[in-house]
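# Fold and contact review
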Amino acid sequence: MIQADIKEKLQQIVGPENYDDSKAGRLVYSYDASPQFQSMPDAVVAPRNKEEVQKIVKICNKHRIPIVPRGSGSNLCAGTCPIEGGIVLLFKHMNKILEIDEENLTVTVQPGVITLDMIKAVEEKGLFYPPDPSSMKISTIGGNINENSGGLRGLKYGVTRDYVLALEAVLANGEIIRTGGKLAKDVAGYDLTRLLVGSEGTLAILTEATLKLVPMPETKKTMLALYQDIEACAQTVSNIIASRIIPATLEFLDQPTLQAVEAFAHIGLPTNVKAVLLIEQDGPEEVVERDIEKMAEICRAEKAVDVQVAKSPEHAEALMTARRTALSALARLKPTTILEDATVPRSEIAKMVVAINGIAEKYGLNIGTFGHAGDGNLHPTCLADIRDKDEMERVEKAFAEIFQKAIELGGTITGEHGVGVAKAPYLEWKLGHTGIEVMKAIKNALDPNHILNPGKVFAKETNRVVMMK
Amino acid sequence: MITAEQQKEIQKKFKERMDQDQLLNCMRCGFCLPSCPTYIESGFKESHSPRGRIALMKAMVDGIIEPDEDVERTLNLCLGCRACESVCPSGVNYGHLLEEARDIIQQSKKKKQSLPVKVLRKAVFEELFLHQNRMRFLTGLIGFYQRSGLQKVAHATGALKLLPKNLASMEKVLPKIPTMKEMKHRPSHLMPKKDVKKRVAFFTGCLMDTMFMKTNDATMKLLKMAGCEIVIPQNQECCGALHGHGGEKEMAKDLAKRNIRAFEDLNVDYIITNAGGCGAYLIDYGNLLKDDPEWAERAAEFSSKVKDISAVLVELGFHKRKLSLPEQVVTYQDSCHLRNVMKTFSEPRLLLKSIENVEYREMKEADHCCGSAGIYNIVESEMSMQILDHKMENAKATHAETIVTANPGCLLQMKLGIERLGLSGKVRAVHIADLLLEAVEAEAEAAAVIK
């Protein structure tokens, strides 16, 4: 509950139309795209500019009211679920593209801009913003930066972190900080830009970002390699990288995923094979041609039953779009879809795929796997039913084992979805005690009252939290 | 107002009746958000999005919230356009969830409804749309108003200013109503001039066979030209869409059964409609009656035959026929239910593109609802007009002189939009069947001149 006098102050700041504490109004911000997590905020507030953000933060800091910044709520680690109540902060008004700088090749935006809208705007100028999380149609840049989102092009182009040049943010004490600049080189002090990227809204509230752009690649080509042997498919990934080719996209989809995606997209994906690789290369035409040909050869040598090059740019786009729907399409098979994003060094991908299948079998679970094989970022997706208590327990155990295996192989518990609440209990496995302590020290220094997205990243208990009330 | 007692009852019914698998099937990915007109027009309010509405329904089932006015408001504000279903990778059947939720709330509130609301609902759902003769009578009254000179008087005296603004505009855009006599004498069986390629039944629709009778005539002419033998069962009824969407599911089921009975022994290949709104409801009878052992199979059989006029015309190669019109730019506004439920959207475009001298220009967001949505433009007129004005900006940008639609509601709404833009006389809105017939006739005339 927000006290009446505080409510009045907040309403004065943003206007009554941008403050909602009705039950229905709060319920629809009690969740994000992570299954199993739901918790009611006390109010939903939509500031119109950074000054308003500042004023809100100051009030919340004074009265110890949690603030959960939220873009479009496509988060997959319950990072935007207000588990300790407080205020959900919306950026729907702060959604402008402020500048496209064609001399410095940068774009400056407010955090509420939809990723795809920004991508389209820069592409109109012949420029390219490579990070392309599958949710880019709805996700916001602010969310992408806070989660350090990846995407299908991570292998060759890197992730959001690699494109953030400068940030403006409101700190927990209400002061504004500006980090970085339109600079290729900048070693003036600690790299606070990188610290804020991926901080999941726990260190500061972003109000503006300047992102790096690159020239649009001249051409691109897309192909599918079909396999009846999953291990051979995964081995191909390692072989491609080992032969010194870095494709723009190198995606892996297993049979259950293929079937689910095809049922939604109807674009003629093969559903009778055990796995496929979706490969895209971009760049100058002759390089693209040469790489695609060479990769096709490698696929065939590794027992691919067929290699199909996309017939047209439209067909290629349809394939990529279809891949982006994989998670949601899998969701149609069972009531509850639990997705993880364990990541391993790319050389270990075959081992990881084999391990996931073994673990699924051991616990009698239905796990479909797809993901960014090229950068070792897999998405084992468990299809279950939340009402089946026994099954849910097995899911817990299976994922714990998958995380363990990933770390054993030199990997991590999350490649691109973030820690949030969902993976907090496992964070120490990856970081060790010292790592956690360092991070906690940073958190305490910047947000001593723990008002910024509290309950995220650092776990209260080591057990996995299943249902929040 | 929803009383505490009603809230309890609604909550209980939600638990009993809502399809929990469907509710869980929504994994809240949010891919539906950009497709939802009310989400966009409300300034990105999650409560007015499909994801938000499903979350509210689920929260009622889970007992987390009570069905208060805000919940009812968001469910009422939904257009029911089902654009979210087309983009939902999880395949959530939102339309069915919405219909069930509205029915539960409506039926629980019914007992305590105020008298005027009760009377109006009864008049519309029970008296009017359940009786085609009354529909004819009411439409006839409008016809009388138009022909008797009353309309002229009303316009001249400014009496219309007494009506809410959009109702007043609506009055201006109504088509010329046929006479009572014309409406009463409708054909029951028609043969094509040449070989019979398909035997079809024609679902005439209540509004289509009165207010838009000319469009029905055009539809039948086109079907005949395409080689269809047409049966028009005289005992057919309203499709029930209005009832289903308005929280009167039992009445909708009753209408469905009567229609199934009227169409089932006709030995036809297809049941043809020319109104996306009706067609989508007819194609859903299989689901509507799935729990009724006596009817489930018969309903599924009925649904499997339902086809829109443009789909059957393309199947029979009508677009390969020579069609022409005076030079003009044409654009097409999808009927949401034709597109999102019947999945018919390429066929009308193909037909329009096949007309000579017509430059077809796709409208931006042609697949977004126009805001008509049954009686939505009357009961939620503010949101409806906001959506419509946005739509008309896109329509205007195509510079089309002719806006084509495939559903009576959309057609009226487009006419209203043209009126609001002040473009009457310069831009027209027509049903695709009427335009195609115009193209056939224009072509025949041109051919006759050459001969």
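These numbers were taken from a predicted model, which means no experiment stands behind them.

### Digging into the overall build of chain B
- A tally of regular secondary structure across chain B gives 25 helices and 9 strands.
- Relative to the compact-globule value of 22 Å for 451 residues, chain B shows a C-alpha radius of gyration of 22 Å, a close match.
- Across its three principal directions, the C-alpha atoms of chain B cover 75 × 55 × 45 Å.
- Expressed as a percentage of the 451 residues in chain B, the buried residues total 50%.

### So, the pairing of strand β3 (residues 228–231) of chain B
- On β3(B), burial follows the alternation: Cys228(B) and Ile230(B) on one face are buried, whereas Glu229(B) and Val231(B) on the facing-out side are not.
- Remark: the strand β2 (residues 198–202) of chain B/helix α13 (residues 213–225) of chain B/β3(B) crossover connection has right-handed handedness.

### Here we look at the sheet that holds strand β17 (residues 366–372) of chain A
Residues and elements named next belong to chain A.
- One open sheet holds the 7 strands; their spatial order is β15-β12-β14-β13-β17-β18-β16, and the pairing between them is antiparallel. Lying at the two open borders of the sheet, with one neighbouring strand each, are β15 (306–309) and β16 (336–339). Adjacent strand axes in the sheet meet at a mean angle of 20 degrees when their direction is disregarded.
- Pairing geometry for strand β13 (residues 249–254) and strand β14 (residues 275–283), over 6 bridges, is antiparallel. Across the sheet, residue leucine 253 finds its bridge partner in β14, namely valine 276.
- Here helix α14 (residues 389–408) sits on the sheet in contact with β16 and β18 (377–384), set at roughly 165 degrees to β18.

### What about the sheet that holds strand β5 (residues 306–308) of chain B?
Residue and element names in this part refer to chain B.
- Across the sheet, 5 strands lie side by side as β1-β3-β2-β4-β5; this open sheet has mixed pairing. Only two strands of the sheet have a single neighbouring strand rather than two, namely β1 (189–190) and β5.
- With 4 bridges connecting them, β2 and β3 associate as parallel partners. Its bridge partner being in β3, arginine 199 is matched across the sheet by glutamate 229.
- Most of the contacts of α13 go to β3, to which it runs at about 140 degrees, and overall it touches β1, β2, β3 and β4 (270–273).

### Here we look at the interface of chain B and chain A
- The interface is formed by 27 residues belonging to chain B together with 29 residues belonging to chain A.
- At the level of elements, α2 (20–25), α4 (50–61) and α5 (69–77) of chain B are the ones that each hand at least two residues to the side of chain B that touches chain A.
- Per element, the largest residue contribution to the side of chain B that touches chain A is 4 residues, and it comes from α4(B).
- In terms of residue class, the side of chain B that touches chain A is made up of 14 nonpolar, 8 polar and 5 charged.

### Focus: the domain arrangement of chain A
Residues and elements named next belong to chain A.
- Domain boundaries in chain A define domain 1 (4–90), domain 2 (97–215) and domain 3 (219–408).
- Averaged C-alpha coordinates put domain 1 and domain 2 at centres separated by 23 Å.
- In this complex, domain 1 contributes 15 residues to the contact, which on the side of domain 2 involves 17 residues.
- Elements supplying a minimum of two residues to the side of domain 1 that touches domain 2: α3 (50–63) and β3 (67–70).
- The element best represented in the side of domain 1 that touches domain 2 is α3, accounting for 6 residues.
- A breakdown of the residues in the side of domain 1 that touches domain 2 according to their chemical character gives 6 nonpolar, 7 polar and 2 charged.

### Comments concerning the packing of α13(B) against helix α25 (residues 432–450) of chain B
All names here are of chain B.
- Contact pair α13 / α25: the axes reach a minimum separation of 8 Å and the direction vectors enclose 55 degrees. Accordingly, the angle class assigned to the pair α13 and α25 is oblique. In terms of crossing hand, the pair formed by α13 and α25 is left-handed. Together, Lys214, Thr215, Ala218, Thr219, Lys221, Leu222 and Met225 of α13 and Ala433, Asp434, Leu436, Leu437 and Val440 of α25 make up the contact between the two elements.
- Its residues placed into classes, the contact of α13 with α25 shows 7 nonpolar, 2 polar and 3 charged.

### Structural notes on the nonpolar core
- Ranked by internal contacts, the top residues of the largest apolar core, which has 263 residues, are Val45(A), Ile67(A), Ala225(A), Val276(A), Leu277(A), Val200(B) and Ile272(B).
- In this structure Val45(A) touches Leu10(A), Val14(A), Asn18(A), Tyr19(A), Ile56(A), Ile87(A), Leu89(A) and Leu90(A), once residues within four positions along its chain are discounted.

### Side note on helix α11 (residues 313–324) of chain A
- In a regular helix each residue adds 1.5 Å, so 12 residues correspond to 16 Å; α11(A) covers 17 Å between its end C-alpha atoms and thus fits that length.
- When α11(A) is considered as a whole, its buried residues turn out to be Leu319(A), Ala322(A), Arg323(A) and Arg324(A).

### Examining unusual backbone geometry
- Backbone geometry at Asn148(A) places phi at a positive 50 degrees, although glycine is not the residue there.
- One can find Asn148(A) in the loop between α5 (141–147) and α6 (154–157).
- Taking the number of C-beta atoms within 10 Å as the measure of exposure, Asn148(A) has 22 and is therefore buried.
- Of note, the phi angle at Arg82(B) is positive, near 65 degrees, even though the residue is not glycine.
- Looking at where Arg82(B) falls in the secondary structure, it is placed in the loop between α5 and α6 (83–86).
- A tally of 23 C-beta atoms within 10 Å means that Arg82(B) is categorised as buried.

What counts, and where the lines are drawn
- Sequence order sets the numbering: in each chain, residues are counted from 1 along the sequence as written.
- Chains and ligands are labelled by the order in which they are written, letters from A for the one and numbers from 1 for the other.
- For a predicted model such as this one, the threshold for reporting local features is a pLDDT of at least 70, and the threshold for listing and counting side-chain atom pairs is 80 or more; totals across whole chains, interfaces and linings nevertheless cover every residue.
- The numbering of helices and of strands both runs from the N terminus, where a helix is a DSSP run of H or I of at least 4 residues and a strand a run of E of at least 2.
- Radius of gyration: over C-alpha atoms. The globule rule applied is 2.2 Å multiplied by the number of residues raised to the 0.38 power.
- With C-beta atoms placed from the backbone, the exposure class of a residue follows from how many other C-beta atoms lie within 10 Å of its own: 20 or more, buried; 12 or fewer, exposed; in between, partly exposed.
- Looking down the strands as they point away from the viewer, one classifies a crossover as right-handed if the path from the first strand across the helix to the second runs clockwise.
- At least two DSSP bridges between two strands are required for those strands to pair.
- For helices, the fitted line uses only the C-alpha atoms of the stretch in contact; every axis is such a line through C-alpha atoms, and the angle between N-to-C directions lies from 0 to 180 degrees.
- For every residue pair, C-beta atoms are placed from the backbone, and the pair is scored as a contact if these atoms sit within 7 Å.
- Gly is put with the polar residues, along with every residue not named as nonpolar or charged; the nonpolar set is Ala, Val, Leu, Ile, Met, Phe, Trp, Tyr, Cys and Pro, and the charged set is Asp, Glu, Lys and Arg.
- As annotated, the domain borders come from an automatic or database domain assignment.
- Geometric relationships in this document are graded by angle, where less than 35 degrees denotes roughly parallel, more than 145 denotes roughly antiparallel, 65 to 115 denotes roughly perpendicular, and other angles denote oblique.
- The crossing is said to be left-handed when, going from far helix to near helix, the turn is anticlockwise and less than a right angle, and right-handed when the turn is clockwise.
- As used throughout, a nonpolar core is a set of buried Ala, Val, Leu, Ile, Met, Phe, Trp, Tyr and Cys residues joined through C-beta atoms within 7 Å of each other.
- Helix span, expected: 1.5 Å multiplied by one less than the number of residues in the helix.

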